[in-house]
Amino acid sequence: MTLEQARIEAVDTVIFEVNGTRVEATPRPGQCLRTVLRDHEHFEVKKGCDTGDCGACTVQVDGTPVHSCIFPAYRAAGKQITTAAGLGQPGNLAPVQQRFVDSAGFQCGFCTPGMVVTAAALEADADAHLDDLPRLLKGNLCRCTGYRSINDAIGGQHTPPEGVCHAGQPREHAEASSLGPVRATGRAAGLVGTSPGAPAGERVVSGLEPYTLDVSVAGLLHLAVLGSPHAHARIRTLDASKAAALPGVHRVLTHADSPTTLFSTARHESRFDDPDDTLVFDQTLRFRGQRVAAVVADSVAIAEAACRLIDVEYELRGAVFDPRLAGMPGAPQVHGDKDPVVSRLANPGRNLVAELHGEFGNVTAGLAEATTFISGSWQTQRISHTHLETHGTIGWIDGDRLVLRTSSQVPFLVQKEICRLFDLDPAGLRVFTARVGGGFGGKQELLTEDLVTLAVLTTGQPVQYEYTRTDELTITPTRHPMTIDVTVGATADGRLTALKLGVLADTGAYGNHGPGVMFHGTSESVALYNVPNKRVDAQSVYTNNPPSGAFRGYGLGQIIFAIESALDELARELAVDPFELRRLNSVQPGDPLVATHEEGPDLIFGSYGLDQCLDLAEAALKRGNRAVAPSGAQWKVGSGMASSMIATTPPRGHRSQASVQLLANGRYLVRVGTTEFGNGTTTVHAQIAATALHTSVDRIDLVHSDTDAAGYDSGAFGSAGVVVAGKAVLAAATALAESLVGAAAAYSGAADLTWQLEREGVRASAAFVTLSELASWAGANDVDLTAVRREDGALRSLAFNVHAFRVAVNTDTGEVRILQSIQAADAGFVMNPEQCRGQIEGGVAQALGTALFEEVVLDDAGAVTTRVLRNYHVPQLADLPVTEVYFAQSHDVLGPYGAKSMSESTYNPVAPALANAVRDAIGIRPTELPLSRDRIWRLLHG
C-alpha cells in the first residue's frame with residue numbers, strides 16, 4: 001500500500017513515514033502528532049507548551065514546519081514527517097545543524113531540535129528571505145541564548161568574539177599548570193581561553209541528546225494533581241471513591257498518605273537556610289492550585305479524569321493578597337499554625353517569614369550632611385522562569401533501591417531531603433539528571449520528586465509526573481515581587497553621604513527562598529557603594545499568592561533596579577555624569593564591603609574590573625552604532641546605564657568533589673556532581689581538565705549530576721559551576737597530571753629524567769610512554785591513576801557588570817525601541833569566550849523580558865490569569881537587539897585559571913539601565929516594571 005492509499009483507506013489506523021521509516025499508529029481521539037511521535041520513541045520531539053507557542057516540538061510535514069503539539073495526528077496519514085534526527089545525526093550532520101554547533105547556537109538545547117527543523121525548512125525555501133528572520137522565526141522561542149548565535153547559525157555569518165567584543169582579548173595563557181607550558185594550542189585542542197563547542201553539541205542539534213523524560217520505561221504510570229480552587233481553605237472532607245473506581249486508576253493519594261515531616265521546597269547546602277513550612281500534602285491549602293490530591297493511573301488522561309471525580313468539601317478561610325496588608329493587625333494568618341522556632345519563621349502571627357533591620361553609621365546624620373537627596377519607591381513584578389523543559393520526574397524501583405530521574409539543578413540536595421522526608425537510607429536512593437532543559441533557579445526546588453517518591457513507594461511501579469506549561473505559570477515559584485523604597489543623599493561634588501533602603505518582598509504562600517532572597521538582595525546591591533551611612537529595613541512576608549522562589553540574580557535584580565534608578569536621578573539633580581557618579585562612589589580593593597555591617601573575611605576582592613567595565617561601556621555608548629532613531633517628533637531618544645556587583649559563590653559554603661581518572665584506552669574520565677542545564681559547565685570542565693592534563697578536549701569524557709556515579713556537589717546555582725566545581729576539577733586533574741609523571745618514571749625505570757605530560761603520553765628526551773601503556777602498567781601493578789579533590793567554596797570573590805542603552809521612545813504609543821545595548825563584564829579570565837558571550841547575551845535577553853514584557857498577572861482573588869505561553873510575553877528574536885559584549889581584563893586569585901562566574905550576574909543591571917534610558921528620553925522617571933507600552937503611555941499622558 002502506498003502512503004497516498006493509506007491516507008484514503010485508513011480509518012482508525014494512520015500510516016506515515018518518519019525520517020523515511022514507515023510508522024503505523026492508532027491515535028486516540030483528539031491526539032496530537034507530538035505525543036504519537038513520542039509514543040514511537042521519537043524523543044527528539046520536545047514538549048515546551050502544547051499550545052503551539054514555543055516551537056520545541058516542530059517537525060516538517062511534507063517539508064513544511066509545523067508545531068506537532070497542535071497538529072492532529074490523523075492528519076499525518078500518508079505524510080512524510082521529518083524530525084531533527086532525520087535531518088542529520090552525529091558524524092553526519094546537515095549543514096544547518098553543523099552551523100548551530102559552530103556558532104554555539106544553543107545553551108540548554110531543549111528548543112534546538114525544533115529550531116533546527118524550522119531553520120532547515122527556511123533554507124530549503126527559495127522564497128524565504130533571511131533578512132526577514134525575526135518574522136520567520138517567531139514560532140520558535142529560545143530562553144537561553146538571546147538569539148544572536150541562532151541568527152548567526154541560520155544566516156551563516158558567525159561573528160567570532162575575538163576582536164569584536166573583547167577588550168584586549170584573547171590573552172595568551174602561557175602557564176596552564178605547575179607542570180609547565182601547554183603544548184597543544186588552538187580551538188581544536190579546546191584549552192582554556194579558546195572556544196570549543198559543547199561536548200554534546202552534535203547530539204543536541206540532532207535531537208538525540210536525552211533530557212529528563214526522553215526515555216522509555218516499561219509499565220510506566222502517570223500522575224496528575226487536583227489543585228485547590230481556593231486561595232485559602234481547609235479540606236473538611238475528601239471522597240476519592242469514584243476516582244479510585246475509574247478503570248486504569250492505581251492509586252489516589254491525599255493528605256492521609258502524606259508524611260508528616262515539614263520541609264521546604266527550596267534547596268541549599270544547609271537546609272536550615274529556608275523555613276520548614278511545607279507538607280507533601282497539606283489539609284490546609286494556602287494558594288490556588290496547591291495540591292489537594294493526586295491520582296496515579298495508566299495514562300495522564302485517565303489520571304486527569306479521575307481528579308475530576310474527587311469530591312472535596314472545603315472550609316473557606318480569609319485570604320490576604322497584598323503584602324502591604326499582610327503584616328497588619330487582623331490580617332489572615334497564612335501560617336498561623338506554625339511554631340516559629342520549629343519552622344524558623346520570624347513571626348507567623350504577622351505573616352513575617354524573615355526580616356532584616358540594620359544600620360551602619362548614622363543615616364539621619366548622613367542625610368543632614370547631604371546637599372541633595374532623592375527619595376522614591378520602586379516596584380518589581382512576578383516573573384516566570386519559562387525554562388522550556390517543564391519540571392518532571394520519573395521514579396522506579398531498581399532491586400531494593402528507589403531511583404529518581406529528574407529535571408533538577410540540585411540532585412544531591414534532592415537526595416538528602418527525600419531521604420529525610422521518607423526516612424530512607426541514602427544508599428537506597430539514587431537521584432540523577434539527564435541534560436536539563438533550562439533552570440534559571442527554578443529547578444533549585446523540590447517540586448515533583450516528593451510526589452513521585454510517594455507514588456512509587458505506594459504502588460511499587462514506575463511513575464512519571466510532568467508539569468504542564470500552565471502548571472509552570474500558575475503553581476511554580478516565580479521571582480519575588482518587591483516594593484523597594486530608596487533614599488540617597490550626596491554632597492554637591494557627588495559624594496554619597498547616606499543610603500536608606502526599605503524592602504517588602506512577597507514570598508507568597510510558602511517561604512521557600514524567602515529569607516535568602518531578602519538577605520542576598522540587600523547585600524551586594526548596597527555594598528557596591530562606599531557610603532559612610534547606610535540603613536536597611538527589609539521584610540519577606542507570606543500572602544495567599546502563588547509561592548515565590550529562586551530566580552536569576554537571587555533578589556539583587558529587584559533591589560538594583562531601585563538603587564540604580566535612584567542614583568541616576570541623583571546624578572541628574574547634581575548635574576554629574578552617571579558614569580562619573582559610579583566611579584566616584586563604587587568600592588575598590590581595600591575598601592570595606594558594607595551593607596548593614598562589614599562583610600566577613602570570606603568575601604574578598606579576588607580581582608577587580610569595575611573600573612574597566614565603566615570605561616568600556618561609556619566608550620561604546622559614546623561611539624554609538626549604526627542604529628538610527630525613527631523619524632518623527634513623537635520619537636524621543638535617551639541613554640542610560642547601571643552597575644552591579646555580585647559574589648561569585650553562595651555564602652556559607654558550596655561543596656563539590658571531582659575525580660579524574662586515566663582509563664585503559666588512554667582517555668580521561670572526569671566525574672563531577674554538578675548539573676548541565678545550559679550553563680556550559682560540561683564544556684568548561686572538559687577544557688579545565690584538558691589544560692591541566694596537557695591534552696585536548698576530545699580525550700575527555702564526563703560523568704556528572706548523578707548521586708551514584710559522581711562525588712557530592714551542592715548543586716548548579718549561584719553560578720558555582722566554574723568557581724566551585726571547576727576548581728575541584730582543576731585540583732583533581734592537576735594532581736593526576738603529577739601522578740602520571742611519577743608513574744611514567746616508575747614504569748620506565750628512568751626516574752632521573754625530566755618527564756613532561758603531553759596529549760597522548762609522557763615524554764622525557766627521546767623516551768615516550770603512551771597513556772595506554774601507563775594504564776596497562778598501573779592495572780597490572782595495582783596502581784590507581786585516579787585523583788579526587790574537593791572544593792568547599794569557603795572564599796568568595798566579586799564580579800562586576802555594567803550595562804548601557806540608547807533608546808527611542810514613542811510618546812504617542814509608549815513603545816520603547818532599543819537602538820544600542822552594551823554590556824561590559826568583569827569575568828576574570830574568560831575560559832570560553834564564545835560560551836561566556838552567549839551566557840551574557842542570554843542573561844541580557846531574559847532581563848529585557850523582565851524590563852519590557854513579562855509579568856505573571858493575578859486577579860484580585862489570587863488566581864493567575866496569564867495561564868498560557870501566548871499570554872506571557874517571552875522575548876522573540878524580533879524583540880531583542882544584538883548586545884555588544886565587552887570583557888574587562890582581570891585575573892581572579894580564587895577562580896580556576898583566574899576565571900569568575902558570569903551566568904547570573906549579567907541579568908542584574910539591565911532593567912535599571914533601560915529605565916534610566918527611558919527616563920532620559922521622556923523626562924519622567926518610570927518606577928514600575930515591566931516598562932510596557934501601556935505603562936509608559938500612562939506616564940506620558942497620565
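Quick caveat, the model's predicted, so the values are computed rather than measured.

1. Quick word on the overall build of the chain
And step 1. Counting secondary structure elements, the chain contains 27 helices and 35 strands.
And step 2. Relative to a compact globule of 942 residues, whose C-alpha radius of gyration would be 30 Å, the chain shows 28 Å and is just as compact.
And step 3. Judged by the C-alpha coordinates and their principal axes, the chain covers about 85 × 85 × 65 Å.
And step 4. Within the span of the chain, comprising 942 residues, buried residues form 63% of the whole.

2. Side note on empty space enclosed by the protein
And step 1. Applying the stated criterion to the full structure yields seven cavities of 30 Å³ or more.
And step 2. Estimates place the volume of the largest cavity at around 310 Å³.
And step 3. The class makeup of the residues in the lining of the largest cavity is 14 nonpolar, five polar and three charged.
And step 4. Here the second largest cavity defines a volume of roughly 260 Å³.
And step 5. For the second largest cavity, the lining is made up of 24 residues, of which Ala104, Phe106, Ala198, Thr683 and Gln835 are closest to its centre.
And step 6. Taken together, the elements giving at least two residues each to the lining of the second largest cavity come down to helix H4 (95-102), helix H7 (148-155), helix H22 (681-692) and helix H25 (833-852).
And step 7. The biggest single contributor to the lining of the second largest cavity is H25, with four residues.

3. Examining the sheet that holds strand S25 (residues 635-647)
And step 1. Read across the open sheet, the four strands follow the order S25-S33-S34-S35; overall the sheet is mixed. The open sheet has two free edges, formed respectively by S25 and strand S35 (883-887), since each of these has just one partner strand. Taking each pair of neighbouring strands and ignoring which way they run, the sheet shows an average axis angle of 15°.
And step 2. Two strands pair when backbone bridges link them, and strand S34 (residues 816-826) and S35 are joined in this way by five bridges, in the parallel orientation. Bridged to Ser821 within S35 is Thr883.

4. Thoughts on the pattern of salt bridges
Side-chain pairing between opposite charges can occur once the charged atoms of the two side chains come close.
And step 1. Within the structure shown, the criterion is met by 61 salt bridges.
And step 2. In this structure, Arg582 engages Glu564 in a salt bridge whose closest nitrogen and oxygen atoms are separated by 2.8 Å. Taken together, the residues Arg582 in helix H20 (residues 578-585) and Glu564 in helix H19 (residues 556-574) connect sequence positions 18 residues apart.
And step 3. On the basis of relative accessibility, which here comes to 0%, the residue Arg582 falls in the buried class.
And step 4. Salt bridges linked by common partners bring Arg267, Arg271, Asp276, Arg344, Glu417 and Arg420 together as one network.

5. Thoughts on the packing of aromatic side chains
And step 1. Here the structure, examined in full by the defined rule, presents nine aromatic pairs.
And step 2. When the centroid spacing of 5.2 Å and the interplanar angle of 85° are considered together, the rings of Phe110 and Tyr211 count as edge-to-face. Taken as a pair, Phe110 in the loop between H4 and helix H5 (112-124) and Tyr211 in the loop between helix H8 (201-205) and strand S8 (221-227) lie far apart in primary sequence, 101 residues in all.
And step 3. Counting every residue linked through ring pairs, the aromatic cluster contains Phe605, Tyr608 and Phe800.

6. Notes on helix H14 (residues 411-422)
And step 1. With twelve residues, H14 ought to run about 16 Å at 1.5 Å a step, and its terminal C-alpha atoms sit 16 Å apart, in line with that.
And step 2. Counting buried residues in H14 gives ten out of twelve residues, a clear majority hidden from the surface.
And step 3. All of the buried residues along H14 are Pro411, Phe412, Leu413, Val414, Gln415, Glu417, Ile418, Cys419, Leu421 and Phe422.

7. Points about unusual backbone geometry
Trans peptide bonds make up the majority, and among non-glycine residues the majority have a negative phi.
And step 1. Cis geometry is adopted by the peptide bond preceding Pro930, which originates at Leu929 and carries an omega value of 0°.
And step 2. Position of Pro930 relative to the elements: it lies in the loop between helix H26 (910-922) and helix H27 (933-941).
And step 3. Even without being glycine, Phe440 reaches a positive phi, approximately 60°.
And step 4. Classification of Phe440 by relative accessible area gives buried; the value is 11%.

8. With respect to the pairing of strand S27 (residues 668-672)
And step 1. Most of S27 is tucked away: four of the five residues are buried.
And step 2. Of the pairings in the sheet, the one linking strand S26 (residues 656-662) to S27 comprises five bridges and is antiparallel in character. Within S27, the position partnered with Val660 by the bridge is Val670.
And step 3. Pairing of S27 with strand S28 (residues 700-704) involves five bridges; the strand directions are parallel. Bridging across to S28, Tyr668 finds its partner in Ile700.
And step 4. Regarding the hand of the β-α-β motif, the stretch spanning S27, H22 and S28 is right-handed.

9. Remarks on helix H10 (residues 300-307)
And step 1. Turning to H10, its buried residues are Ala303, Ala306 and Cys307. The buried residues of H10 all sit within an arc of 105° when viewed along its axis, so they share a single face.
And step 2. Those residues of H10 hidden inside the fold are in contact with S8, helix H9 (241-245), strand S10 (249-253) and strand S12 (291-297).

10. Remarks on the side chain of His268
And step 1. Relative to the elements of secondary structure, His268 occurs in the loop between S10 and strand S11 (284-285).
And step 2. In terms of polar contacts, His268 uses its side chain to reach the side chain of Gln444, at 3.5 Å.
And step 3. Here His268 is in contact with Asp273, Asp274, Leu413, Gln444, His513, Tyr554 and Phe717, once residues within four sequence places are set aside.

11. Describing the sheet that holds strand S31 (residues 767-770)
And step 1. Ordered by their spatial adjacency, three strands build an open sheet running S29-S30-S31, and the pairing between neighbours is antiparallel. Both edges of this open sheet fall to strand S29 (756-757) and S31, since each of them pairs with a single strand only.
And step 2. The pairing of S29 with strand S30 (residues 761-764) spans two bridges and is antiparallel. Bridged to Leu757 within S30 is Val762.
And step 3. Where helix H24 (residues 771-780) meets the sheet, its contacts fall on S29, S30 and S31, and the angle it forms with S31 comes to roughly 65°.

12. Some words on the nonpolar core
And step 1. Of all hydrophobic cores here, the largest spans 141 residues; its most connected members are Phe100, Val486, Leu501, Phe805, Leu848 and Leu914.
And step 2. Of all the elements, H19 adds the most residues to this core, at eleven residues.
And step 3. For Leu848, the residues in contact, after removing those within four places along its chain, are Phe805, Ile818, Phe853, Leu880, Pro881, Val910 and Leu914.

13. Concerning the environment of Val637
And step 1. Mapped onto the elements of the fold, Val637 is located in strand S25.
And step 2. Counting along the chain gives 115 residues from Val637 to Thr522, while the straight-line C-alpha distance between them is 32 Å.
And step 3. In contact with Val637, other than residues within four places in its own chain, are Ala629, Arg806, Val807, Ala808, Leu819, Asp920 and Ala921.

14. Regarding the side chain of Asn832
And step 1. Within the secondary structure, Asn832 sits in the loop between S34 and H25.
And step 2. Looking at Asn832, the relative accessible area reads 2%, which means it is buried.
And step 3. Polar side-chain contacts of Asn832 include one of 3.1 Å to the backbone oxygen of Pro196.
And step 4. Separated by 3.0 Å, the side chains of Asn832 and Gln687 make a polar contact.
And step 5. Filtering out sequence-adjacent residues up to four positions away, Asn832 remains in contact with Thr194, Ser195, Pro196, Thr683 and Gln687.

15. Some words on the environment of Val724
And step 1. Here Val724 shows up in helix H23 (residues 720-748).
And step 2. Assessed through its relative accessible area of 0%, Val724 is described here as buried.
And step 3. On a C-alpha basis, the gap between Val724 and Ala794 in space is 9.5 Å, while along the polypeptide they are 70 residues apart.
And step 4. Setting aside chain neighbours within four positions, we find Val724 in contact with Thr649, His654, Arg655, Ser656, Glu791 and Gly793.

16. Considering the packing of H22 against H23
And step 1. Two numbers describe how H22 lies on H23: the axes approach to 8 Å, and their chain directions differ by 30°. In this view, H22 runs roughly parallel relative to H23, as classed from their interaxial angle. The two elements H22 and H23 meet at a crossing, and its hand is right-handed. Contacts from Thr681, Val684, His685, Ile688, Ala689 and Ala692 of H22 reach H23 at Gly721, Val722, Ala725, Gly726, Val729, Leu730, Ala733, Thr734 and Ala737.
And step 2. Considering only residue class, the contact of H22 with H23 consists of ten nonpolar, five polar and no charged.

Thresholds, definitions, all that
- Residues numbered from 1 in each chain as written.
- Predicted model: local features only at pLDDT ≥ 70, side-chain atom pairs only at ≥ 80, totals over all residues.
- Heavy atoms only, no water.
- Helix = DSSP H or I, 4+ residues; strand = E, 2+ residues; numbered from the N terminus.
- Rg over C-alpha atoms; globule rule 2.2 N^0.38 Å.
- Buried < 20%, exposed > 50% of the residue type's maximum accessible area, 1.4 Å probe, protein only.
- 1 Å grid on protein atoms, 1.4 Å probe; cavity = no way out; pocket = protein on both sides within 12 Å on 5 of 7 lines; lining within 4 Å.
- Points joined across faces, edges and corners; volume = space filled by probe spheres on them.
- Nonpolar A, V, L, I, M, F, W, Y, C, P; charged D, E, K, R; others polar.
- Pairing = 2+ DSSP bridges.
- Axes fitted to C-alpha atoms, helices over the stretch in contact; angles between N-to-C directions.
- Salt bridge = Lys/Arg side-chain N within 4 Å of Asp/Glu carboxyl O.
- Phe/Tyr/Trp six-rings, centres within 6.5 Å; stacked < 30°, edge-to-face > 60°.
- Expected span 1.5 Å × (residues − 1).
- Right-handed = clockwise from strand over helix to strand, strands pointing away.
- Arc of directions from axis to C-beta.
- Contact = heavy atoms within 4.5 Å.
- Polar contact = N/O pair within 3.5 Å; in protein donor to acceptor, adjacent residues only side chain to side chain.
- Core = buried A, V, L, I, M, F, W, Y, C linked by side-chain atoms within 4.5 Å.
- Parallel < 35°, antiparallel > 145°, perpendicular 65-115°, else oblique.
- Left-handed = near helix turned anticlockwise from the far one by under 90°.

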